[in-house]
Amino acid sequence: MISIDELFNTFETGNGFWNPVLWLIAFVIIFLIIYIIRGFGNNSYKKGTGQTQVFLSGNPESDFESMHVKSSNLYWGWTESLKWIIDALKSMHNGNLSDYVLWFVIVMGALFLFVGLI
Amino acid sequence: MNFIDLIMSHAPALLVVIPLLGAFLTPLISKINDKVRNIFVIGILGVTAVFVLLVAQQVLDTGTITYVFGSSLQTVQNNTVIRILFEIDALSIFMALVSIILAFVASIYSWGFLEKETGQDKYYTLLLLMTAGMLGMVLTGDLFNFFVFIEITSIASAALIAFWTNKAKAVEAGFKYIFISTIGALFILFAIALLYGQYNALNIAKLADSITFTYLDKIALIIFISALAMKGGIVPMHMWLPDAYGRAPAPISLVLVGATQASIYGVFRVLFTLYGNVIHLPKISFGWILVLLGLITMIVGVIMAMIQTDFKRLIAYGAVAELGYIFLGVGTGLTIIANPDIGISSAPFAVEAMKGSIFHIINDALDVGLLFMVAGAVYYATKETSLNNLGGLARNMKYTTIFFIIGLLAISGIPPMNGFASKLLIYESTYQLNPIISIIAILSSIMLLAVFVKIFQSVFLGPKLKKFDDVKEVPKSMLIAMGIIASIIIFFGLFPDLIITNLVEPAVNALIHPENYLQWLTGGL
């Protein structure tokens, strides 16, 4: 049977330690402090008035559905800057079964070289 | 001997026999009605899970169990040539636990997920066969038996991947899987033949005791590692994996994670046990090969995941990246263990690295499994898998969204989820080997977070789309299945020390002390 002490043991990682329960308690305390600070904020918010309307530098607001950023457009800058490596990887993943086996042969060949059999 | 003792004495065999018999009974039970069949399958996997837990208790209490089919251990000690036996150490039972959790949860999930599908009798039969194959792979102590169980798993998996036979891409993925699996399995058979030809044995312990690292032994080792790594989805031999995971029904993708990990287990068993006595002989440690493959797997997996727009393919590439962490940790451990100049006693981080890796096996299975189930739930509700066509589903599918967030945090290694504890061990220990490796691992994890945030934004956030006005939350069985995995993730995350001390450490000790696996040869049990 597992004892309570055993359950809440601090996990030693070799060079450090990690106790998620303590971390969680700290997290809850921080959340409560933030919540209390929030209570001191301005409470003049009125739903449905001009306060809550979107202001897009004077431009009309688009249809909600078309405002959703699609998956393909996310991380555009990142994928564009790494285009060279992504293109190389894409050409590797060509869906051709013969190439899948070729990679297996290549790895096996590399291992033979590594062990010094060739 | 009373009945319970009798059953317990045959428990290792029952772990495979129960799902195997269940598989053959399933078509008959299906004749009664679907509900009875579903309860039967869940029951069979539930009973198997209970036996796994009982055997686990026994292994952790008393050490390695050797079960000989149709004979006694003494007979085999005198003549080890050919005899089917299961040798269950802490690593085997750890892997069995992973497999059975996934299969059991998949059976619950399938109830709702497949309620409108035809061919369920075949589906459940194959699911049980696949489970029997996976359990056999991780429990057997015989190499030829290992090959047979690989074949059982592969054939059942391929048929399940191609379950939606009306979809060309599913059939293509099934074909690719069986082709790659057959190539891998045939090479494994060839490697087994090389060892059998030299040592006249198929038993892993007997072979481990005999291997002298001859020229043929080296060839067999390379073939084993390459073929099992291909079946384990290690880059650059991973290309079948996104096809298979992406096209299979979601609960099958979940079980496939277990099947893939059973192959990874094969790599570790070969390196640490079969070649455990001679693994320090190569001038450059095989650990470095695992580290290198692990790094490439992480980087390629995460970059490819970043550019995917299909929900399940994206998760599949994420799963590839996660496999890299497993290889990285064990590779770090092996690099030290196989180096007699350093030695494990002067480099305790090697053991920590392996603990991280082995813990990551179960974490990866749970995290990736949960995400696949969420992808399946979204497909079930919307019939859509393209991330570009999804959006705003958090408004209609609140529970599914919560499960996704749990999966996202866990797979990205965000505290206090389970992935954090295992990745922390891997980061710390690989840093000791080489800080650059650790930095790459951390960067990959950050990128994984970005990848899954992309899914979260694309699928669950944003305005409600008109076409999804009628979308409702998925059936209860699917929510229960996701809930079970999410609960285990949170439990493992909150109490990592408990899991590492009781499950992971014994598994790591089983790996780094191959002599325990060989004990029964000399009557040491």
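Residues numbered from 1 in each chain as written. Chains lettered and ligands numbered in written order. Predicted model: local features only at pLDDT ≥ 70, side-chain atom pairs only at ≥ 80, totals over all residues. Heavy atoms only, no water.

Considerations on the overall build of chain B
For clarity, the threshold we go by: A run of H or I in DSSP counts as a helix once it spans at least four residues, and a run of E counts as a strand once it spans at least two, with each numbered from the N terminus. Computation of the radius of gyration draws on C-alpha atoms, with the globule rule given as 2.2 Å multiplied by the number of residues to the power 0.38. Only protein chains enter the accessibility calculation, which uses a 1.4 Å probe; a residue is then buried when its area is under 20% of its type maximum, exposed when over 50%, and partly exposed in between. Only heavy atoms matter for contacts: two residues are in contact if any of them lie within 4.5 Å across the pair. Areas reported here follow the Shrake-Rupley algorithm with a probe of radius 1.4 Å; residue values treat only the protein chains shown as occluding. In this tally, Asp and Glu contribute negative charge and Lys and Arg positive charge; neither His nor the terminal groups of the chain are included. Positions of charges follow a simple convention, taking NZ of Lys, CZ of Arg, CG of Asp or CD of Glu.
Broken down by element type, chain B carries 20 helices and 2 strands. In terms of overall dimensions, chain B is globule-like: its C-alpha atoms have a radius of gyration of 22 Å, near the 24 Å expected for 525 residues. Reported as C-alpha extents along the three principal axes, the dimensions of chain B are approximately 70 × 60 × 40 Å. Looking at chain B as a whole, 68% of its 525 residues are labelled buried. Long-range pairs, those at least 24 residues apart, make up 80% of the contacts in chain B with a sequence separation of at least 6. When the accessible surface of chain B is summed, it comes to about 16800 Å², and 66% of that surface belongs to carbon and sulfur atoms. Of note, chain B has its 28 positive side-chain charges centred 12 Å away from the centre of its 28 negative side-chain charges.

Concerning the side chain of D217(B)
All names here are of chain B. Formally: In what follows, salt bridge is the name for a side-chain nitrogen of Lys or Arg lying within 4 Å of a carboxyl oxygen of Asp or Glu. Two N or O atoms count as a polar contact when they lie within 3.5 Å, although within protein this holds only if one can serve as hydrogen donor and the other as acceptor, and sequence-adjacent residues are included solely when both atoms are side-chain atoms.
Looking at the secondary structure, you find D217 in helix α10 (residues 215-231). Summary of buried charges: D217 has no salt-bridge partner, and the nearest side chain of opposite charge, K218, is 9.2 Å away. Within the structure, the side chain of D217 is placed 3.0 Å from the backbone nitrogen of F213, a separation counted as a polar contact. Leaving out residues up to four positions away in the same chain, D217 has contacts with L195, Q198, Y199, I211, T212 and Y275.

Quick look at the environment of Y265(B)
With respect to the helices and strands, the residue Y265(B) is situated in helix α12 (residues 250-274). If near-sequence neighbours (up to four positions away) are discounted, Y265(B) is found in contact with L91(B), S92(B), M95(B), M137(B) and V138(B).

Quick word on the pairing of strand β1 (residues 65-68) of chain B
Residues and elements named next belong to chain B. Our working rule: In this scheme, strands are said to pair when DSSP sees at least two bridges between them.
Alternating positions in β1 separate into two faces, I65 and Y67 on one and T66 and V68 on the other, with burial throughout. Direction of pairing for β1 relative to strand β2 (residues 85-88): antiparallel, over a ladder of 4 bridges. Bridge pairing links Y67 to F86 in β2.

Details of the pattern of salt bridges
All names here are of chain B. Summed over all chains, the structure comprises 10 salt bridges over all chains. Where D34 meets R37, a salt bridge forms, and the shortest distance between an N and an O atom there is 3.5 Å. Separated by 3 residues within a single helix, D34 and R37 lie in helix α3 (residues 34-62), roughly one turn from each other. Exposure remark for R37: the relative accessible area of 1% places this residue in the buried category. For K355, the salt bridge identified is with E505, shortest N-O distance 3.0 Å. Linking K355 in helix α15 (residues 349-382) with E505 in helix α20 (residues 496-512), this pair joins segments that are 150 residues apart in sequence. A cluster of three or more residues bridged by salt bridges with shared partners is formed by E172, K176, D243 and R313.

A word on the packing of helix α14 (residues 311-337) of chain B against helix α17 (residues 418-433) of chain B
All names here are of chain B. Condition: Geometry is summarised by axes, namely lines fitted to C-alpha atoms with helices restricted to the contacting stretch, and by angles between N-to-C directions that run from 0 to 180 degrees. Under this scheme an angle from 65 to 115 degrees is roughly perpendicular, one under 35 degrees roughly parallel, and one over 145 degrees roughly antiparallel; angles in between are oblique. Throughout, a crossing is termed right-handed when the near helix is turned clockwise from the far one, and left-handed when it is turned anticlockwise from it by less than a right angle. When residues are grouped by polarity, Ala, Val, Leu, Ile, Met, Phe, Trp, Tyr, Cys and Pro land in nonpolar, Asp, Glu, Lys and Arg in charged, and all others, Gly among them, in polar.
Direction vectors running N to C along α14 and α17 enclose 45°, while the axes themselves pass 10 Å from each other. By the angle class used here, α14 and α17 are oblique. Crossing angle aside, the handedness with which α14 passes α17 is left-handed. On α17, the residues that touch E322, Y325, L328, T332, T335 and I336 of α14 are K423, I426, Y427, S429, T430 and L433. Looking at the contact of α14 with α17 residue by residue, the classes come out as 6 nonpolar, 4 polar and 2 charged.

Focus: the interface of chain B and chain A
Quick note on the threshold: Buried area is calculated as the accessible area (1.4 Å probe) missing from two parts once they are joined, with the contributions of both summed.
Counting residues at the interface gives 68 residues for chain B and 47 residues for chain A. Both faces considered, chain B and chain A share a buried interface measuring about 5300 Å² in area, 76% of it formed by carbon and sulfur atoms. Broken down residue by residue, the surface that chain B buries against chain A is led by I222(B), M239(B) and D497(B), which jointly contribute 12%. Viewed at the interface, chain A and chain B are joined by 0 salt bridges.

Regarding helix α13 (residues 286-306) of chain B
Quick note on the threshold: Here a helix's expected span is defined as the number of its residues, less one, multiplied by 1.5 Å.
Between its terminal C-alpha atoms α13(B) stretches 30 Å, which fits the 30 Å expected from 21 residues at 1.5 Å a residue. Of all the 21 residues making up α13(B), 17 are buried; the element is thus mostly covered by neighbouring parts of the structure.

Quick look at the nonpolar core
Soluble globular proteins tend to pack their nonpolar side chains together in the buried interior. All names here are of chain B. Which entries qualify depends on this criterion: Here, the term nonpolar core denotes a set of buried Ala, Val, Leu, Ile, Met, Phe, Trp, Tyr and Cys residues that are joined through side-chain atoms within 4.5 Å.
Membership of the largest hydrophobic core comes to 231 residues, with the highest contact counts inside it found for F268, Y275, F311 and F452. It is α15 that contributes the most residues to this core, 19 residues altogether. Grouped together as the second largest cluster of nonpolar side chains are 14 residues, M298, Y325, F349 and L433 included.

Regarding a nonpolar patch on the surface
Note the following rule: A patch consists of residues whose relative accessible area exceeds 30% and which take part in no salt bridge; residues with like charges are grouped when within 9 Å of each other, and nonpolar side chains (Val, Leu, Ile, Met, Phe, Trp, Tyr) when within 5 Å.
A cluster of nonpolar residues, V28(A), F31(A), L32(A), Y35(A), I36(A) and F40(A), forms a patch on the protein surface that exposes about 700 Å² of accessible area. Tracing the sequence through the fold places L32(A) in helix α2 (residues 20-39).

Description of the packing of aromatic side chains
Let me state the cut-off plainly: Working definition: rings of Phe, Tyr and Trp (its six-membered ring) pair if their centres are within 6.5 Å, and the pair is stacked with planes under 30 degrees apart, edge-to-face with planes over 60 apart, and tilted otherwise. We call a charge positioned above a ring when the Lys NZ or Arg CZ atom is no farther than 6 Å from the ring centre and deviates by at most 35 degrees from the ring normal.
Applying the stated criterion across every chain, the model contains 29 aromatic pairs over all chains. Aromatic side chains F31(A) and Y35(A) sit 6.4 Å apart centroid to centroid with 20° between the ring planes, which places their arrangement in the stacked category. Remark: Y35(A) and F31(A) occur in helix α2; sequence separation between them is 4 residues, near one turn of the helix. Grouping residues by exposure puts F31(A) and Y35(A) together as exposed. Relative to F147(B), the ring of F144(B) lies with its centre 5.7 Å away and its plane at 45°, an arrangement referred to as tilted. With F144(B) and F147(B) both in helix α7 (residues 143-161) and 3 residues apart, the pair spans about one turn of that helix. When its relative accessible area of 38% is taken as the criterion, F144(B) is described as partly exposed. A network of ring pairs unites the aromatic residues Y109(B), F113(B), Y123(B), Y124(B), F163(B), W164(B), Y379(B) and Y380(B) as a single cluster. Sitting over the ring of W164(B), K167(B) keeps its end group 4.2 Å from the ring centre.

Re the confidence of the model for chain B
Our working definition: Note on scores: pLDDT gives the predictor's confidence for each residue, bounded by 0 and 100.
Of the residues in chain B, 97% have a pLDDT of 70 or more, and the chain-wide mean is 93. Scoring the predicted complex yields pTM 0.94 and, for the interface, ipTM 0.93.

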